[in-house]
Amino acid sequence: MINGQTPILILKEGTRREKGKGAQYNNIAAARAIADSVRSTLGPRGMDKMLVDSMGDVVITNDGVTILKEIDVEHPAAKMLVEVAKTQDEECGDGTTTAVILAGELLKKAEALIEQNVHPTVISGGYRLAATKAREALEGVAIDVAHDNREVLLDIARTSMISKSVSSSRDLLAKVAVDAVSSVAEKKDGKWVVDDDNIQIVKKQGGSMDDTQMISGIIIDKEAVHSAMPKRVENAKIALIDSALEVKKTEIDAKIEITDPTQLHAFLDEEENMLRKMVDIVKKSGANVLFCQKGIDDLAQHYLAKEKIYAVRRVKKSDMEKLAKATGAQLVTKLDDLTSKDLGTACLIEEKKIAEDRMTFVTDCKNPKAVSILIRGGTEHVVDEIDRSLNDAISVVSVAFEDGKMVTGGGSTAMEVALKLRDYAASVGGREQIAIDAFASAMEVVPVALSENAGLDPIDVLIELRQAHKAGKKYAGINVFTGKVVDMKKEKVLEPIRVGRQAISSATDAAVMILRIDDVIASKGGGGGKGPKMPPGGDEGGMD
Ligand SMILES: Nc1ncnc2c1ncn2[C@@H]1O[C@H](COP(=O)(O)OP(=O)(O)OP(=O)(O)O)[C@@H](O)[C@H]1O
Ligand SMILES: [Mg+2]
């Protein structure tokens, strides 16, 4: 009661509200808990996580974004860090763990500054300046990648997979990724673009990881419609049809009255004739393989088999489009219009039995603009992790292809950026200087986490790295296997520049956004203000 008046209720009953430093600390703690939960997975010696969902399904992975997508996060600030991982994944496919750890570290350093009474807006201002400078520094240490430099592209693919459990097969998988990307890459307006939709991934449990292969063509998860059709067609001439090889049933209920047995014959003959004609059109075009998006009548199947034409029915639309890209065929809607000009080619079409299923392999296409990768592996979990790792590898190679620039890993680039930022901070002066310095220290979380996960002393490593970079060794990073500070360019630990650039941008955006919040108003059931679900420091959280 103020001055005898009744208090005015603005917020709904049950709304929780937290203001000022309390809100800030809670948000920071929640976000840091997320960062800590993935920290132990960073780098070649990082560990994996086993995640079990409410249905009991198990996922075993090292992939930052997969881990964060799987765990049910409630706190709004923690959700923002999950978003960072997702953005990183969408933009470059790799570096999700790095981006999240960096955001967590930026917030940790900010918290220390808030405690010293530096205002959050000053910190966010400083962070923004630092991020711009950091991206400049990144460009400064970048190395050009020529799109035909296969060796370097293989190194980039290998680096992205070294931390995954599939690491033992990374030479093979890197080759698969580079071959696939090089096949589908196209030059548009003088710029290379890679659309990874043109890389089809087919997973089949069984065999071993080393049976994983790229096929210069497409795999269709269907067998030939008739058992008498050839199982193998060399020099295939392929027709793609998206209408049915069936006699259309009328939409209206019509009744035909037959008074004479010959009339019945004529009627059935007519149907047969129509189907025969359809098959003749296919035959006349010169096609010996037919992919049909719709159905094929039993009788038409029989005629096709007699003509030794390999036919598959009810092929998915997306697969038809890939077939068109891979073989150069035109998708024909009206069968009558099919001519030899519409046909595509492939050296070989084969029906193969993989695991329990029969599939059609369209292989050895000339210059295919869509290709397939067949993933094999002992268990479902292995197949899934190969899929995720291969996706990372395909993404980094694509991004390197498109941007034509890369940086060195193992913490070397982070250290170089930190060094440049410290010099810059001194030139800016004022209160922002402290924030820029904090940003520089936050960048060092990359080599620190890499060393921690490798069982090395992070302080020793950091001191040695700082000295090396001060002495002008801009590629000096930590070899987590030997524990030595070495030249990462010589070690061939290479990453596309976009991974680093995006990690800095999205980590800064998330940190700044969380820092600027001083009031959390959560309606009933909303997660705000409750504090982190997981305790800060994943170690006690049961996550690690
Ligand atoms: N041989 C190596 N020696 C030292 N560091 C390495 C080596 N190979 C890779 N790294 C470093 O490991 C880090 C990448 O680790 P990891 O792949 O686990 O995480 P991420 O790429 O950030 O996230 P994710 O792959 O889960 O999306 C990079 O900083 C990279 O430079
Ligand atoms: Mg990675």
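Residue indices begin from 1 for each chain and proceed along its sequence in written order. Here every chain gets a letter starting at A, and every ligand a number starting at 1, in the order they are written. The model is predicted, so local features are restricted to residues of pLDDT at least 70 and side-chain atom pairs to those at 80 or more, both for listing and for counting; the totals for chains, interfaces and linings are taken over all residues. Neither water nor hydrogens contribute to the side-chain values; these are computed over all heavy atoms in the structure.

K.L.:
Residues and numbers for the overall build of the protein, please.
P.N.:
Each helix and strand counted, the protein has 16 helices and 21 strands in total. For the C-alpha atoms alone, the extent of the protein along its principal axes is close to 100 × 75 × 45 Å. In the protein, which comprises 544 residues, the share counted as buried stands at 51%. Residue contacts follow a heavy-atom distance rule, with two residues in contact if any of their heavy atoms lie within 4.5 Å. Within the protein, residue pairs in contact and separated by at least 24 positions form 76% of the contacts whose partners lie at least 6 positions apart. Asp and Glu are treated as the negative residues and Lys and Arg as the positive ones, with His and the ends of the chain left uncounted. Charge positions come from single atoms, namely NZ of Lys, CZ of Arg, CG of Asp or CD of Glu. Positive and negative side-chain charges in the protein, numbering 74 and 85 respectively, have mean positions lying 3 Å apart. Helical segments are the DSSP runs of H or I of at least four residues, strand segments are the runs of E of at least two, and each set is numbered from the N terminus. Three exposure classes are used, based on accessible area relative to the maximum for each residue type with a 1.4 Å probe and protein chains only: buried under 20%, partly exposed in between, and exposed over 50%.

K.L.:
Pulling in residues and values, what's your account of the sheet that holds strand E20 (residues 494-496)?
P.N.:
Pairing is antiparallel across the open sheet formed by three strands, whose spatial order is E4-E17-E20. Unpaired on one side and paired on the other, strand E4 (143-144) and E20 mark the two borders of the sheet. Contacts from helix H16 (residues 497-515) reach strand E17 (405-408) and E20 within the one sheet, and its direction differs from that of E20 by about 65 degrees. In this description, strands pair whenever DSSP reports at least two bridges between them. Axes, fitted as lines to C-alpha atoms, cover a helix only where it is in contact. Angles between the N-to-C directions of the axes lie from 0 to 180 degrees.

K.L.:
Would you mind going over the site of ligand 1 in detail, with residue names and values included?
P.N.:
Surrounding ligand 1, one finds 25 residues, the nearest of these being Thr 96, Thr 98, Lys 164, Gly 410 and Glu 495. Here an oxygen atom of ligand 1 sits 2.4 Å away from a polar atom, N or O, in the side chain of Thr 98. Counted as a polar contact is a pair of N or O atoms within 3.5 Å, where, for protein atoms, one must be capable of donating a hydrogen and the other of accepting one, and residues adjacent in sequence contribute only when both atoms are in side chains. The separation between an oxygen atom of ligand 1 and a polar side-chain atom of Ser 163 is 2.8 Å. Alone, ligand 1 offers 640 Å² of accessible surface; in the complex the protein occludes 95% of this. Looking at the shell around ligand 1, the elements that each hand over two or more residues are helix H4 (96-115) and helix H14 (445-453). For the shell around ligand 1, the element with the highest residue contribution is H4, accounting for three residues. Each residue gets one of three labels, nonpolar for Ala, Val, Leu, Ile, Met, Phe, Trp, Tyr, Cys and Pro, charged for Asp, Glu, Lys and Arg, and polar for the others, Gly among them. Its residues placed into classes, the shell around ligand 1 shows eight nonpolar, twelve polar and five charged. Near residues are defined by distance, with any heavy atom within 4 Å of the molecule or strand qualifying the residue. Note on areas: these come from Shrake-Rupley sampling with a 1.4 Å probe, and a residue is covered only by the protein chains present in the view.

K.L.:
Can you break down the pairing of strand E16 (residues 371-377) residue by residue, with the values?
P.N.:
With seven of seven residues buried, E16 is to be regarded as a mostly interior element. Burial of the side chains of E16 extends over both faces: Val 371, Ile 373, Ile 375 and Gly 377 are buried on one face and Ser 372, Leu 374 and Arg 376 on the other. Where strand E7 (residues 199-205) lies against E16, seven bridges are found, and the strand directions are parallel. Each residue of the ladder has a partner; that of Ile 199, found in E16, is Val 371. Alignment of strand E8 (residues 213-215) against E16, held across three bridges, turns out to be antiparallel. When the sheet's bridge partners are listed, Ile 215 is paired in E16 with Ser 372.

K.L.:
With reference to specific residues and values, describe the pattern of salt bridges.
P.N.:
By definition here, a salt bridge exists when the distance from a side-chain nitrogen of Lys or Arg to a carboxyl oxygen of Asp or Glu is within 4 Å. In this structure the tally under the stated criterion is 32 salt bridges. For the salt bridge of Lys 204 with Asp 357, the shortest nitrogen-to-oxygen distance reads 2.9 Å. One end of the pair, Lys 204, is in strand E7; the other, Asp 357, is in strand E15 (residues 357-363), and 153 residues separate them in sequence. Given the relative accessible area of 32%, Asp 357 is considered partly exposed. Each of Arg 39, Glu 105, Lys 109 and Glu 452 takes part in one network of salt bridges that share partners.

K.L.:
Can you lay out the confidence of the model for the protein for me, pointing to particular residues and giving the numbers?
P.N.:
Confidence scores per residue from the predictor, reported as pLDDT, run from 0 to 100. For the protein, the average pLDDT comes to 89, and 95% of its residues sit at 70 or higher. Note that pLDDT drops below 50 for residues 528-544; the model gives that stretch 39 contacts with residues more than four away or on any other chain.

K.L.:
Account for the nonpolar core, naming residues and giving values.
P.N.:
Within soluble globular proteins, side chains that are nonpolar generally end up buried alongside one another. We define the nonpolar core as a collection of buried residues of types Ala, Val, Leu, Ile, Met, Phe, Trp, Tyr and Cys that are connected through side-chain atoms lying within 4.5 Å of one another. Counting residues in each nonpolar core, the largest one holds 79 residues, and the members touching the most others are Leu 81, Val 100, Ile 123, Tyr 127, Leu 421, Phe 439 and Met 443. With ten residues, H4 is the single largest residue contributor to this core. In this structure, Val 100 is in contact with Ile 34, Ala 35, Val 38, Leu 68, Leu 81, Val 84 and Ala 85, ignoring residues within four places of it in sequence. Formed by 45 residues, the second largest nonpolar core is a distinct cluster that contains Met 229, Met 278, Leu 290 and Ile 349.

K.L.:
Any chance you could break down helix H13 (residues 430-443) for me, citing the residues and the numbers?
P.N.:
Along its 14 residues, H13 runs 21 Å from first to last C-alpha, staying within 8% of the 20 Å computed at 1.5 Å per residue. Taken together, the buried positions of H13 are Ala 435, Ile 436, Ala 438, Phe 439, Ala 440, Ala 442 and Met 443. In this structure, the buried side of H13 is in contact with H4, helix H5 (120-141), helix H12 (412-428), H14 and H16. Every helix has an expected span of 1.5 Å times one less than the residues it contains.

K.L.:
I'd like a rundown of the packing of H12 against helix H15 (residues 458-470), residues and numbers included.
P.N.:
Between two packed helices, the angle of one axis relative to the other and the distance separating the axes together describe the packing. Packing of H12 against H15 brings their axes to within 10 Å, and their N-to-C directions diverge by 65 degrees. One finds that H12 runs roughly perpendicular with respect to H15. By crossing handedness, the relation of H12 to H15 is classed as right-handed. Together, Ser 412, Met 415, Glu 416, Leu 419 and Arg 422 of H12 and Leu 462, Leu 465, Arg 466, His 469 and Lys 470 of H15 make up the contact between the two elements. Partitioning the contact of H12 with H15 into residue classes produces four nonpolar, two polar and four charged. Orientation categories follow fixed angle ranges, with anything under 35 degrees roughly parallel, anything over 145 roughly antiparallel, 65 to 115 roughly perpendicular, and all other angles oblique. Left-handed describes a crossing whose near helix is turned anticlockwise from the far helix through less than a right angle; right-handed describes the clockwise counterpart.

K.L.:
Account for a negative patch on the surface, with residues named and values stated.
P.N.:
A patch consists of residues exposed above 30% relative accessible area that lack any salt bridge, with like charges linked at up to 9 Å and nonpolar side chains (Val, Leu, Ile, Met, Phe, Trp, Tyr) linked at up to 5 Å. A cluster of acidic residues, Asp 269, Glu 270, Glu 271 and Glu 272, forms a negative patch on the protein surface. Counting through the fold element by element, Glu 271 comes out in helix H8 (residues 261-285). The partly exposed category is assigned to Glu 271, whose relative accessible area is 31%.

K.L.:
Go over a positive patch on the surface, please, and point to the residues and values.
P.N.:
On the surface, a cluster of positive charge is made up of Lys 222, Arg 313, Arg 314 and Lys 316. With respect to the helices, strands and loops of the structure, Arg 314 is situated in the loop between strand E12 (310-312) and helix H10 (317-327). What makes Arg 314 partly exposed here is its relative accessible area of 47%.

K.L.:
Please set out the packing of aromatic side chains residue by residue, giving values where relevant.
P.N.:
Any two rings among Phe, Tyr and Trp, with Trp reduced to its six-membered ring, count as a pair given centres within 6.5 Å; such a pair is stacked if its planes are under 30 degrees apart, edge-to-face if over 60, and tilted if neither. This structure, assessed with the given rule, holds two aromatic pairs. Each ring, one from Tyr 127 and one from Phe 439, has its centre 5.6 Å from the other, and the planes form 80 degrees; the classification is edge-to-face. With Tyr 127 in helix H5 and Phe 439 in helix H13, this pair connects stretches of sequence that are 312 residues apart. A single burial state applies to Tyr 127 and to Phe 439, both of which are buried. Summarising the aromatic geometry, the rings of Trp 192 and Phe 401 are spaced 5.3 Å apart at their centres and angled 85 degrees between planes, so their arrangement reads as edge-to-face. Taken as a pair, Trp 192 in strand E6 (residues 191-193) and Phe 401 in helix H11 (residues 380-403) lie far apart in primary sequence, 209 residues in all.

K.L.:
Account for unusual backbone geometry, with residues named and values stated.
P.N.:
With phi around 50 degrees, Arg 314 is a residue other than glycine that occupies positive phi space. One non-glycine residue with positive phi stands out, namely Asp 364, at about 55 degrees. For Asp 364, the position within the fold is in the loop between E15 and E16. When its relative accessible area of 43% is taken as the criterion, Asp 364 is described as partly exposed.

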